[in-house]
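Structural characterization, general
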Amino acid sequence: MNKNRIVVFAGLALALSIAAFLSPFASKDPDGLDRASKDLKFEEKAATEPTTKQLPFSQIFSEYSFKAITDEKVSTALAGVTGTLVVFGLAWGIGKLTVRNSTPKE
C-alpha cells in the first residue's frame, strides 16, 4: 500500500471516529439558517412540505438520525458514519474518474 493511501485511509478513520463518537453530543439548538429565520421572524414562510421530505432517503433518515433506531445517540452516530462514508465514496469515485493514473504506461 502506498503512502498516499495510508494517509487517505487514516483520514477516513479519523473522520469516522469523529462522526461516531462526537456527533451524538452535537448541540440540539437550531442551526444557523433555522436560528436566522427565527430571529428575523420569517420561519412561518417555510414550506409546509419541504422538497427533501419527498426524496427516497427521507423514509430512512429524520434530520440527523435514522428513523428505525430508537436510541437517539446510537441513531445519530450511525447517521454520522453513514454520511461520512457516502461523502468519502463520492469523493473517491469522482477522484478516480477525473485523475489520470500517475504511473506511465509502457
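Rules of the game
- Along each chain, the written sequence defines residue order, and numbers are assigned to residues from 1.
- Totals for whole chains, interfaces and linings use every residue, but because this is a predicted model, local features are given only for residues with pLDDT of at least 70 and side-chain atom pairs only at 80 or more, for both listing and counting.
- Excluded from the side-chain calculations are hydrogens and water; all other atoms, namely the structure's heavy atoms, are used.
- Strands here are runs of E lasting at least two residues and helices are runs of H or I lasting at least four, both read from the DSSP assignment and numbered beginning at the N terminus.
- Our radius of gyration looks at C-alpha atoms and nothing else; its globule reference is 2.2 Å times the residue count to the power 0.38.
- The buried label goes to any residue with under 20% of its type's maximum accessible area, the exposed label to any with over 50%, and the partly exposed label to all in between, with areas taken from a 1.4 Å probe on protein chains only.
- Contacts are residue-level and defined by heavy atoms, with any inter-residue pair within 4.5 Å sufficient.
- Note that accessible areas follow from Shrake-Rupley with a 1.4 Å probe, and for residues the cover is restricted to the protein chains shown.
- UniProt positions are given in the numbering used here, feature names are shortened, and annotations may be inferred rather than shown by experiment.
- Values of pLDDT, ranging from 0 to 100, describe the predictor's confidence in every residue of the model.
- Patches in this entry comprise residues that are over 30% relatively accessible and not in a salt bridge; like charges within 9 Å are linked, as are nonpolar side chains (Val, Leu, Ile, Met, Phe, Trp, Tyr) within 5 Å.
- One side-chain nitrogen of Lys or Arg within 4 Å of one carboxyl oxygen of Asp or Glu is enough to make a salt bridge.

**A short note on the overall build of the protein**
Scanning the protein from N- to C-terminus turns up three helices and two strands. Secondary structure elements of the protein, listed N to C terminal, follow the sequence α-α-β-β-α. Compactness check: the protein gives a C-alpha radius of gyration of 19 Å against a globular reference of 13 Å for 106 residues, more than 25% above the reference. Dimensions of the protein, computed from C-alpha atoms along their principal axes, come out at roughly 65 × 30 × 25 Å. Buried positions account for 12% of the 106 residues belonging to the protein. Intrachain contacts of the protein at a sequence separation of at least 6 include 55% that bridge at least 24 residues. As displayed, the protein has an accessible area near 9000 Å², and 64% of this comes from carbon and sulfur atoms.

**Points about unusual backbone geometry**
At K41, a position not held by glycine, the phi torsion is positive, near 60°. If you trace the backbone, K41 turns up in the loop between helix 2 (32-39) and strand 1 (61-62).

**Quick word on the UniProt feature "transmembrane region" (unreviewed entry) in the protein**
What UniProt calls "transmembrane region" (unreviewed entry) maps, in this numbering, to residues 74-95. Helix and strand shares over residues 74-95 are 100% and 0% respectively, and the end C-alpha atoms of the span are 31 Å apart.

**Thoughts on the confidence of the model for the protein**
Residue-level pLDDT values for the protein average 82, and 91% of them are 70 or greater. When pLDDT is averaged over each element of the protein, helix 1 (residues 3-21) comes out on top at 92 and strand 1 at the bottom at 75.

**Some details on a nonpolar patch on the surface**
Where nonpolar side chains cluster on the molecular surface, the patch consists of L14, I18, F21, L22 and F25 and spans about 590 Å² of accessible area. Structurally, F25 is set in the loop between helix 1 and helix 2.

**A short note on the side chain of S65**
For S65, the position within the fold is in strand 2 (residues 65-66). Overall, the relative accessible area of 18% leaves S65 in the buried class. Sequence-distant contacts of S65, defined by excluding residues within four places in its chain, comprise I60, S75, T76 and A79.

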